[in-house]
Amino acid sequence: MAESDKLQRIVDARMKLKARFEDKIRNSPSVADNKPQGSGNPNRHGMPVVPVGQTITTKWPVLDLGIEPDIPLIEWQLKVDGEVEHPLLLSWEDLMALPQSEDQSDFHCVTSWSKLNMNWKGVRLLDLAAVAQPKDTATHILCHAYDDYTTNLSLEEALKPDVLLVHTYENAPLPKEHGGPLRIITPQLYAWKGAKWIKRIEFLPANKRGFWEERGYSNTAYPWRNDRYS
């Protein structure tokens, strides 16, 4: 198949997914809250740039489970399975052959710091889902990491266009301590929802709690609602 035909198929599938989840995405709290808590000018989604309880930092603190997996790119794989029409097992070369997106977004940690205007490059989770084609039964994903971390996302959050699987930060490979070679970022949610060292994205027919959610953290994690804990 020609590259142009492959790209067009992804674009067509992306548009169908966007149409399927358009209402849920448009009405989700991270873009539609009429009383968001925070301060500063509105961000691109109309939310105050600094969510309630957050302090701006210029550093990027490192938080993890105490393990930093070292995954050579030649051995790295990403599995996409569960409630999808086309399960995937991607090599690094396969990932890099997908449409690549650049974006600038903010990063809000549940431990009360925020880092603004971070520059990323990677693959939109929306585009990856367009290739896998979630079944009508799919409602959530569970992200699995190489350090055995897990976290959950509803599809209306996962399919927002600024949710990326990033491999590049500020024009350099994503550092290992921050989840390199590949992590997910979720600018509209607290950052624990963006798994470092991602190795599997499991599409599910219902919500399933991840590592921190099982330990009392919120399932939804909306920064502008101070939505940190269950």
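Right above here is the structure, for reference.
None of these values were measured; they are calculated from a predicted model.

Analysis parameters
Residues numbered from 1 in each chain as written. Predicted model: local features only at pLDDT ≥ 70, side-chain atom pairs only at ≥ 80, totals over all residues. Heavy atoms only, no water. Salt bridge = Lys/Arg side-chain N within 4 Å of Asp/Glu carboxyl O. Helix = DSSP H or I, 4+ residues; strand = E, 2+ residues; numbered from the N terminus. Buried < 20%, exposed > 50% of the residue type's maximum accessible area, 1.4 Å probe, protein only. Pairing = 2+ DSSP bridges. Axes fitted to C-alpha atoms, helices over the stretch in contact; angles between N-to-C directions. Contact = heavy atoms within 4.5 Å. Phe/Tyr/Trp six-rings, centres within 6.5 Å; stacked < 30°, edge-to-face > 60°.

Engineer: Lay out the pattern of salt bridges with the relevant residues and their values.
Structural biologist: Should the charged atoms of two oppositely charged side chains come close, the side chains can pair. This structure, assessed with the given rule, holds 13 salt bridges. For aspartate 23, the salt bridge goes to arginine 26, with nearest N and O atoms at 2.5 Å. Of this pair, aspartate 23 and arginine 26 both sit in helix 1 (residues 3-26), 3 residues apart, which is roughly one turn of the helix. Its relative accessible area of 45% is what places aspartate 23 among the partly exposed residues. On the basis of relative accessible area, arginine 26 is assigned to the partly exposed category, the value being 44%. When salt bridges with common partners are traced through the structure, they connect Lys79, Asp81, Arg200 and Glu202 into a single cluster.

Engineer: Break down the sheet that holds strand 13 (residues 198-204) for me, citing the residues and quoting the values.
Structural biologist: The 5 strands lie next to each other as 5-4-13-8-9, forming an open sheet whose pairing is mixed. Two strands in the sheet have a free side with no partner beyond their single neighbour: strand 5 (88-90) and strand 9 (150-154). Averaged over all pairs of adjacent strands, the angle between strand axes in this sheet comes to 15°, irrespective of strand direction. Alignment of strand 8 (residues 140-145) against strand 13, held across 6 bridges, turns out to be antiparallel. In the strand pairing of strand 13, isoleucine 141 is matched with phenylalanine 203. Of the strands in this sheet, strand 4 (78-82), strand 5, strand 8 and strand 13 touch helix 4 (residues 125-132), which is tilted by about 130° from strand 5.

Engineer: Now, about the packing of aromatic side chains: what can you tell me, with residues and values included?
Structural biologist: Tallying each qualifying case throughout the model produces 13 aromatic pairs. Between tyrosine 149 and phenylalanine 211, the ring centres sit 6.0 Å apart and the planes meet at 45°, which makes this aromatic pair tilted. On the criterion of sequence distance, the pair formed by tyrosine 149 in the loop between strand 8 and strand 9 and phenylalanine 211 in the segment after strand 13 is long-range, its members being 62 residues apart. You can call tyrosine 149 buried: its relative accessible area is 9%. Relative to tyrosine 217, the ring of tryptophan 192 has its centre 5.0 Å away and its plane inclined at 85°; by these criteria the two rings are edge-to-face. Highlighted residues: tryptophan 192 in the loop between strand 12 (183-185) and strand 13 and tyrosine 217 in the segment after strand 13, separated in sequence by 25 residues.

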